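Secondary and tertiary structure notes
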Amino acid sequence: MNNNTLRTRQMRRLAMQKSTEEEEVIVDINTTPLIDVMLVLLVMLIITIPLQTQSVQLALGSGDPTQAEPPPSLTVGIDFDNTISFDNQTVANEEALQQKFKEIAALPDQPTIFIKPNRLASYKTVAIIMADAQRLGIKKIGIMGQN
């Protein structure tokens, strides 16, 4: 072998070694952001722990709990043809219903008035009854759905 071929082979080997060295990829994870996030979480944990350990002293009563009666309630029903009923009794007209609302508003402990419209009843009738009840001083008004 002559010098030129030997030199060429050595150059090729060096070139191969350099190319394999350059192609190596560093697969290390940059841990600086991870450490920053962990430090922030640690500081937040240190700040919130004292808040969780504070307690409030309560003086709890002793004895048997009393059974409370459910609050009284009355139902205003509105049928599909906009017929109004008060506690399952048909009301003749809107003035009679307003008179019942005035009587209830005068009571010191008002019962809850539940309005139970049929899904085919007109919205206008329901809105008028609710507005009348509120205007006449009824404080506890609820709407019941059809189940």
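Numbers given for residues are sequential positions, taken from 1 along each chain in its written order. In view of the model being predicted, local features appear only for residues whose pLDDT reaches at least 70, and side-chain atom pairs are presented and counted only at 80 or more, with totals across whole chains, interfaces and linings using the full set of residues. Side-chain metrics rest on all non-hydrogen atoms present in the structure, leaving aside hydrogens and water.

1. A short note on the pairing of strand β4 (residues 112–117)
Any two strands with at least two DSSP bridges between them are considered paired. Secondary structure elements follow DSSP: runs of H or I no shorter than four residues count as helices, runs of E no shorter than two count as strands, and numbering proceeds from the N terminus. Two strands pair when backbone bridges link them, and strand β1 (residues 73–78) and β4 are joined in this way by six bridges, in the parallel orientation. Bridging across to β4, Ser-73 finds its partner in Thr-112. Pairing geometry for β4 and strand β5 (residues 141–143), over three bridges, is parallel. Each bridged residue has a counterpart across the sheet, and for Ile-113 the counterpart in β5 is Ile-141. Between the parallel pair β4 and β5, the chain is carried across by helix α4 (residues 123–135), and the sense of this crossover is right-handed. Whether a crossover is right-handed comes down to one check: with the strands pointing away from the viewer, does the path from the first strand over the helix to the second run clockwise; if it does, it is right-handed.

2. Description of the side chain of Thr-125
Here Thr-125 is to be found in helix α4. At 2.8 Å, the side chain of Thr-125 and the side chain of Ser-122 are in polar contact. It only takes one pair of heavy atoms within 4.5 Å for two residues to be counted as in contact. Discounting chain neighbours no more than four positions away, the residues touching Thr-125 are Ile-78 and Asn-82. Residues adjacent in sequence count toward polar contacts only when both atoms are side-chain atoms; beyond that, a polar contact is any pair of N or O atoms within 3.5 Å, and within protein one must be able to donate a hydrogen and the other to accept it.

3. Comments concerning the nonpolar core
Joining through side-chain atoms within 4.5 Å is the link that ties buried Ala, Val, Leu, Ile, Met, Phe, Trp, Tyr and Cys residues into a set, and such a set is a nonpolar core. The cut-offs for exposure are 20% and 50% of the maximum accessible area for each residue type, with area from a 1.4 Å probe on protein chains only; residues under the lower value are buried, those over the upper are exposed, and the others partly exposed. Of all hydrophobic cores here, the largest spans 17 residues; its most connected members are Val-76, Phe-86, Leu-97, Phe-101, Ile-113 and Ile-129. Among the secondary structure elements, those contributing two or more residues to this core are β1, β2 (84–86), α3 (94–106), β4 and α4.

4. Comments concerning the environment of Ile-104
Looking at the element boundaries, Ile-104 is found in helix α3. For Ile-104, a relative accessible area of 6% corresponds to the buried category. Along the backbone, Ile-104 and Ile-138 are 34 residues apart, and their C-alpha atoms lie at a distance of 7.2 Å. In contact with Ile-104, other than residues within four places in its own chain, are Leu-74, Phe-86, Gln-110, Pro-111, Ile-113 and Ile-138.

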